[in-house]
Structure formats: C-alpha cells, structure tokens
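Here is what each chain is made of, one letter per residue.
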Amino acid sequence: MASEKIDVRYVAKLARIALSEDEAERFGKQLGDLLAHVNVLSELETASVPATAQVVESRNVERSDEAGPCLDRETVLSMAPQREGSFFRVPKIIGQP
Amino acid sequence: MNDVVKRSAAEIARDVNAKRISARDVTEAVLARVDEVDDRLGCYLTRLHDLAREQASRVDERVAAGESLPLAGVPLAVKDNMCLSGTRTTAASKILENWIAPYTSTAVQRMLDAGAVPIGKSNLDEFAMGSSCENSALGVTRNPYDLQRVPGGSSGGSAAAVAAFEAAIGMGSDTGGSIREPGAFCNVVGFKPTYGRVSRYGLIAFASSLDQIGPLTRTVEDAALAYDAMAGHDPMDSTSIDRPVEPAAPSLREDLEGLRIGIVKEFVTAKLGAEIDALYKRAYAELAKLGAELVEVSLPTADYGLATYYLIAPAECSSNLARFDGVRYGLRVDGADVGQMYEQTRAAGFGPEVKRRILIGTYALSSGYYDAYYVKAQKARTMSAQDFKKAFEHCDLIAAPAASSPAFEFDSKSDPYSMYMMDYYTIPMSLAGLPALSVPCGYAGTPAMPMGLQLAAPLFEETRLLGAAHAYERATAYAVEGAIAV
C-alpha cells in the first residue's frame, strides 16, 4: 500500500500541537502509512448504508433547567494553572489569529 | 505472602460479612503484598494506603452494624483514568500528572458503596491509548508471568495487579480491547459490558461512543459480582442505558447445554501459527464438550474493523482531548500569546501515541476529508453491527481469540500499526457495542505465556455471557496457578 502524503504541519496547527522537526517528519510518515491502511474501507460499498449514530437504543435525554449540586467555585479555581481572584488567567487572546 | 491475598472477591466478601476476618486485616495483607512486589511490577501509579485503611474501617463498622455488603473488604485496583475524589488521577499523562480529582466517578463510587477497598490507582497507556502500557508517561508495568514482557493494555496495571494478588478486582476501561487483551496477557478474566451498561461519569474520555468500564478478576464469579455492583443507569451519564440490570452472579452455569456458539469463519486462527491455532481449536472443542453446539457464522466486514476503529476512535479522541489546553486544570506551558500557550502545553503534555491519534483524528474530521474518512468509517461501523445481528440469528454467543499472540517483550512493536493489530479480534465487538469478555484458555510460546478465549453476546446479554464463561472456567481452570514470576 502506498503511503499517503499529508501536510502534517497544517493538521498539527488545527490540533494546536507544536511539533519539532523530528516529530513532523516521523508523524507525517506514520500518518501517511496509517491512512494507506485505512483506505481499504474504499472497498466497501456503502452508498445505501446509514452512518452509525449510536449502537444501542438510547434516546435524547433532557432534564428540567434547574440548578443542581455542582463543584464550588473555589474547588474549580484551585485546579487552575494560573488564576486571578475568581478568574482563570490566560495570555492575551484578542488580536490572535 | 499472606494467603488471604489469593482469595477471590467472593470468598473475601463472604468471610468479612460473616466476621471471620475483618476488612482491615484483608487490607493490611494486600498493602503488604503491594509493598513487597510492586516496586518490581509497577502496577500502581499511586498507592492509597491511608484511604484503603479508612475505607476498610468503614466497611468493618457497617458489617458490625449488621449490614451485608456484596464486596465487603474486597481489595480494588482503580485504573488511573477514573476519578476518585482527593486522589491524584493522571490518565498516565504528563498533562494531568499532578491533578487531584475533585469528585468520584459513578462506577468507582458504586464499588465503594458495595464495600470494596481502593488499594491504588493503576497504570495504563496514556489516556487509554495502547495495548501494552508502554505508552504510559508515568511508569512501566511488567507482566507478572514474565517481567520481560508487557502486561497488555490499556488496562495493564489493573490486569497485572489482579494477577499478582495486589487486588482481587481491577477496574478497567475498554474502547477497542483495553480490558480483554490485558486480561488475556495476564491470565485473568477481563469483561467489557454492553456499551452504556456502566456509567462513564468520571471516566476520563477517550472515544465516547466506544468507551466502557468493566472489571478484571481472577474468576468469572468475581466478574459477575463486580458487574452487579457497578452496572446500571446513572443520570450523570446521558448515554448510560435506562433499563433494568439482571443480576449475573445468581445465573452462573456449570454446562453449556442448549447454547449455540458461533465460530467466526473470517477469524482464521491458522494465520496465528500452529501452536495458537491448536490452542483455539482445543478451546472450541472444550466448549462443545460442555454441551454447546458449535456453528459457523460469518462476519463479512470483520477485516475492516481495524480501519474503521482507527478512524472513529482517533476522531473522537481529537475532540475529547481538545479540553486539555492549559487553562482550567492540568499542565500549562507559557507562550507569548494564547495560541502558543495551547501549542506548547499540548506539545509538552501529550506523549507520541496521543499526539499521533489526535493528528489522525483531526485529519479525518478536517474540511475536505470528513466524508471520505469519518463518515465512511461510521458507515462501515453500521455494516459491522449488522454483521453481528445476522450472526446472532444463528447462535447465542460467539467465541474467538482475545488477542493474536501472547504477551510480547518490551519495545518489540516499533511500528504503530503492528501494535494496533493486537486489537484485531476485539475491535469488531467494540464497534457493535456488544458485551464481551476474555477468559484464560491455556498457554503458548516460550516461555509459556497465558492466552485468552474471547466470548461475545448480543447487546444486553451479559448474564448469558458470564454464565457460559463460568462453565468454561470451571471445566478448564487454566488460571488457577496465578502469577508465577513474583
């Protein structure tokens, strides 16, 4: 099976993962090889087959819009890598691509 | 070694409820066992001595007050992708290395309510992605039958802990085989219930349409006890099934009379070599000897399972793991702006296999490729489920290998795809959401390493599945010796 050529840097950008030169080369090749394997699916005639949405007979689940018990704010904020008062602190976002 | 650690969960619960031994004494014996062997085996990422003693004392108090608990004093290994309030919960990833869970997952809570005692948080492949535990970023787990070999994965820590008498029940999660394959590698029972039977609330998500929690145990009876404790609807997991759970423990059988067991035509075990082929042929003959009628069934799309799975699972993982961004919890690596912060955090926090799967999944879901890869795979998944539906018109259970080889040596699968091949026999059942288990069926290779027989049932037929596995186990008893290397 021929390996697929994929733009791994573009995919990594979408996935928000910085790649080293070495990783870009290695993952690019491995992903190409894997896609060559999964391309066997093209042998299956699926025109009239519905895509799986679920495998058991579950139904949409709704509940009334009422506040229930949840984690308190201090517990949640105490897990944050950086906080400021009752906020999560993050680097500047406005103006970013 | 205090022999109490070798007792089954059923025996321990019976004795603790009868006050013949205290949960506290059982716990001390198991903690001593952990301290004796776990530096070599590495089953646990975190040992929970204090919590175990507290819980054991609570169990003893409840028993003294007249309660009878189905898992009274039973030592429990909790896979470290399940939240247990106040304990480090890492998913074996650097991105969660120091994260303390602020709540307890439903499945774990139900085990604790039933009287189980948490001994430790067990190792896994990072975010449950792998078949050997070699993808753990936080530790190495060794197979108790041969320390040069892997325990399987991703629930390898729980499987090895149970095999080495460091717990009687291990909690695992199975997405494509992550309970059944390590069960086979470590000569224990590994049971994945129907998708949705056990709540996933508090399980760190990998692929949400496939993930399912289940037990690893030394006996089928213990698997049934654990299942009876953990299964059932949970309003906190909207995919958990709202239908009654028939208790499995009272329905364990001693024979297979009246059962038709399907042998899958496409699973040609001759491809696995003469020794393994003979082993599975013997296992099928053992089923027949117990009274089962063997019938040939066909799963025409079985060969496409791996390709289907390695699009769907990575697609779901790329979406689920988007939450690890360095903002609300876990690791953060600073960057000049928020984009760099995300990219550097995820670069430093995720290991190579997790990155690979996120990249595959991102690609399969990206504009221009979504229909060709993701939608195509979801259609193939429908065909796979239809295959099983048709096959189960002719049989009550399906028998198959649990893995294509015994446990392999560390670093022997350098190419990711050869590792993915380990799940060839377990993935089709996962795609169809079916309950399936692995039960010890003998030894192969040099040195002789354990192998597992996989049994699968139609949706919701856990009781039939466990009942039959019990008959097979009682008649063959391949697992009686327990771990031998330590």
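To be clear, the structure that these remarks concern was listed above.
These remarks concern the structure in this document. (Residues numbered from 1 in each chain as written. Chains lettered and ligands numbered in written order. Predicted model: local features only at pLDDT ≥ 70, side-chain atom pairs only at ≥ 80, totals over all residues. Heavy atoms only, no water.)

### Structural notes on the interface of chain A and chain B
Put simply, the rule reads: When checking whether two residues touch, look at their non-hydrogen atoms; a contact exists if any pair is within 4.5 Å. Accessible area that two parts lose when put together, evaluated with a 1.4 Å probe and summed over both, is termed the buried area. What counts as a salt bridge is simple: a side-chain nitrogen of Lys or Arg found within 4 Å of a carboxyl oxygen of Asp or Glu.
Facing 50 residues of chain A, the contacting portion of chain B comprises 58 residues. Both sides together, the interface formed by chain A and chain B hides about 4,800 Å², and carbon and sulfur atoms give 71% of it. Broken down residue by residue, the surface that chain A buries against chain B is led by R16(A), L41(A) and V55(A), which jointly contribute 13%. Our count for the chain A to chain B interface comes out at 3 salt bridges. E343(B) is the partner of K13(A) in a salt bridge, and the nearest nitrogen-oxygen pair spans 3.0 Å.

### What about the packing of aromatic side chains?
Residue and element names in this part refer to chain B. Rules: Between 30 and 60 degrees the pair is tilted, below 30 it is stacked and above 60 it is edge-to-face, where a pair is any two Phe, Tyr or Trp rings, Trp via its six-membered ring, whose centres lie within 6.5 Å. Burial classification: accessible surface area is computed with a 1.4 Å probe over protein chains only, and a residue below 20% of its type maximum counts as buried, one above 50% as exposed, and the rest as partly exposed. Every helix listed is a DSSP run of H or I at least four residues long, and every strand listed is a run of E at least two residues long, numbered separately from the N terminus. Two limits define a charge over a ring: the Lys NZ or Arg CZ must be within 6 Å of the ring centre, and within 35 degrees of the ring normal.
A full pass over the atoms with the stated rule returns 19 aromatic pairs over all chains. Taking 6.0 Å as the distance between ring centres and 80° as the angle between the ring planes, the aromatic pair formed by F324 and Y329 counts as edge-to-face. Considered together, F324 and Y329 belong to a single accessibility category, that of buried residues. Ring geometry for F324 versus F350: centroids 6.3 Å apart, planes at 85°, classification edge-to-face. Taken together, the positions of F324 in the loop between helix 9 (305-320) and helix 10 (338-349) and F350 in the loop between helix 10 and helix 11 (352-365) put the pair 26 residues apart, joining distant regions of the chain. Each member of the pair, F324 as well as F350, carries the same accessibility label: buried. Each member of the aromatic cluster is reached from another via a ring pair, and the members are W99, F127, F324, Y329 and F350. For K413, the ring lying beneath its charged end belongs to F408, and the centroid distance is 4.8 Å.

### Remarks on the side chain of S405(B)
All names here are of chain B. Tracing the backbone shows S405 in the loop between strand 9 (397-401) and helix 13 (416-420). You can call S405 buried: its relative accessible area is 19%. Contact partners of S405, with chain neighbours within four places excluded, come to F185, I276, M422 and M451.

### Here we look at the sheet that holds strand 7 (residues 260-264) of chain B
Residues and elements named next belong to chain B. Stated formally: DSSP bridges decide pairing: two strands pair if at least two such bridges lie between them. Between N-to-C directions, angles cover 0 to 180 degrees, with each direction set by a line fitted to C-alpha atoms, over the stretch in contact for helices.
Strands sit in the order 1-3-2-4-6-5-10-11-9-7-8 across an open sheet of 11 strands; the sheet is mixed. Strand pairing shows two members of the sheet lacking a second neighbour, strand 1 (44-47) and strand 8 (293-297), which therefore form its edges. This sheet shows a mean twist of 30° between the axes of neighbouring strands, independent of strand direction. On top of the sheet, helix 4 (residues 106-113) reaches strand 2 (75-79), strand 3 (117-122), strand 4 (169-174) and strand 6 (212-217); it is set at about 160° to strand 4, its chief contact. Against the sheet, helix 8 (residues 274-289) touches strand 7, strand 8, strand 9, strand 10 (436-444) and strand 11 (449-456), its axis set at about 120° to strand 10.

### Structural notes on the environment of A36(A)
Residue and element names in this part refer to chain A. On the secondary structure map, A36 appears in helix 2 (residues 21-38). Residue class for A36 comes out buried when judged on its relative accessible area of 7%. Residues A36 and A67, 31 residues apart in the sequence, show an inter-C-alpha distance of 49 Å.

### Quick word on the nonpolar core
Residues and elements named next belong to chain B. Which entries qualify depends on this criterion: By nonpolar core is meant a set of buried Ala, Val, Leu, Ile, Met, Phe, Trp, Tyr and Cys residues that side-chain atoms within 4.5 Å join together.
In terms of nonpolar packing, the biggest core is built from 129 residues, with M111, M171, L453 and L466 touching the most fellow members. When neighbours within four sequence positions are excluded, L466 is seen to be in contact with F191, V220, A223, A224, Y227, A248, L252 and L437. By size, the runner-up hydrophobic cluster in this structure holds 60 residues, among which are L45, A207, L359 and Y373.

### Observations concerning the pattern of salt bridges
Applying the stated criterion across every chain yields a total of 31 salt bridges over all chains. A salt bridge links R16(A) to E343(B), with the shortest nitrogen-to-oxygen separation between them at 3.9 Å. Here E343(B) lies in helix 10 and R16(A) lies in the loop between helix 1 (8-15) and helix 2, a pairing that spans two chains. By relative accessible area, R16(A) is classed as partly exposed at 27%. The salt bridge partner of K281(B) is D277(B), with a shortest N-O separation of 2.8 Å. One end of the pair, K281(B), and the other, D277(B), are both in helix 8, 4 residues apart, so they sit about a helical turn from each other. Residue D277(B) is classed as buried on the basis of its relative accessible area, which comes to 14%. Residues joined by salt bridges that share partners form a network here, namely R7(B), R14(B), D15(B) and R20(B).

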